[in-house]
Amino acid sequence: MDVELLQTLLANPAAAREQLQERIAADPQLAMFAQMMNLRAEPEPEPAPAPRPARSRRDDRIARVRDRVAEMRDELVRLRARTTRLAAALGACGRCWGDDTSCATCGGQGIAGWLDPDPLAFHELVAPAVSRLADRTDDTDHEEQP
Ligand SMILES: [Zn+2]
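Rules of the game
- Residues numbered from 1 in each chain as written.
- Predicted model: local features only at pLDDT ≥ 70, side-chain atom pairs only at ≥ 80, totals over all residues.
- Core = buried A, V, L, I, M, F, W, Y, C linked by C-beta atoms within 7 Å.
- Buried ≥ 20, exposed ≤ 12 C-beta atoms within 10 Å, placed from the backbone.
- Contact = placed C-beta atoms within 7 Å.
- Helix = DSSP H or I, 4+ residues; strand = E, 2+ residues; numbered from the N terminus.
- Expected span 1.5 Å × (residues − 1).
- pLDDT = per-residue confidence, 0-100.

**Q** How would you sum up the nonpolar core? Please name residues and give values.
**A** Membership of the largest hydrophobic core is limited to eight residues, which are Ala87, Ala88, Ala89, Leu90, Ala92, Cys93, Cys96 and Cys106. What Ala88 contacts, discounting residues up to four positions off in sequence, is Gly94, Asp118 and Ala121.

Here it is, written out as structure tokens:
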């Protein structure tokens, strides 16, 4: 093998293979040597990448549990935010709503009205319900009067 062929082989294996095939075709002695060395005219196909191992049932279960935990965590965050906002609207302790005598915020005193209600939260969350209740009471009052 001459230096030029060796350099081509190193720089561009595909071109070198082609060049080598031409030389083998033109030289019976080289062809016999190539046959002995098991050189083929066609390059061997690239081996297919090993298939990824299928996820086991255990892996699937773990993935489902992780998804469910993430959903529950998201829901908990949303519910805590909603509860805290409603507590502010009612002037209640956002940590315990007055249920926990060991609460560091209210000492168990934080029922609705414990603090001044947050006016914006009150108008958003409570006022519509109070208004509706007042409307029902008005209707009931009219029905009772002759
Ligand atoms: Zn509290």
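**Q** Explain helix α4 (residues 57-90) residue by residue, including any values.
**A** In this model, α4 (34 residues) spans 49 Å end to end at C-alpha, consistent with the 50 Å of a helix rising 1.5 Å per residue. Those residues of α4 that sit buried are Ala87, Ala88, Ala89 and Leu90.

**Q** Any details on the environment of Ala89? Residues and values, ideally.
**A** Mapped onto the elements, Ala89 comes out in helix α4. Ala89 gets classed as buried once you count the C-beta atoms within 10 Å, which come to 20. Sequence-wise, Ala89 and Val126 are 37 residues apart; in three dimensions their C-alpha atoms are separated by 7.0 Å. Look past the residues within four positions of Ala89 in its chain and what remains in contact with it is Pro117, Asp118, Ala121, Phe122, Leu125 and Val126.

**Q** Tell me what's going on with the environment of Asp99, and back it up with residues and numbers.
**A** Of note, Asp99 is situated in the loop between α4 and α5 (119-144). Counting along the chain gives ten residues from Asp99 to Gln109, while the straight-line C-alpha distance between them is 7.9 Å.

**Q** Provide a residue-level description of the confidence of the model for the protein chain, including the pertinent values.
**A** This prediction gives the protein chain a mean pLDDT of 84; 75% of its residues lie at or above 70. The element-level mean pLDDT for the protein chain is lowest in helix α1 (residues 3-11), coming to 59, with α4 highest at 97.

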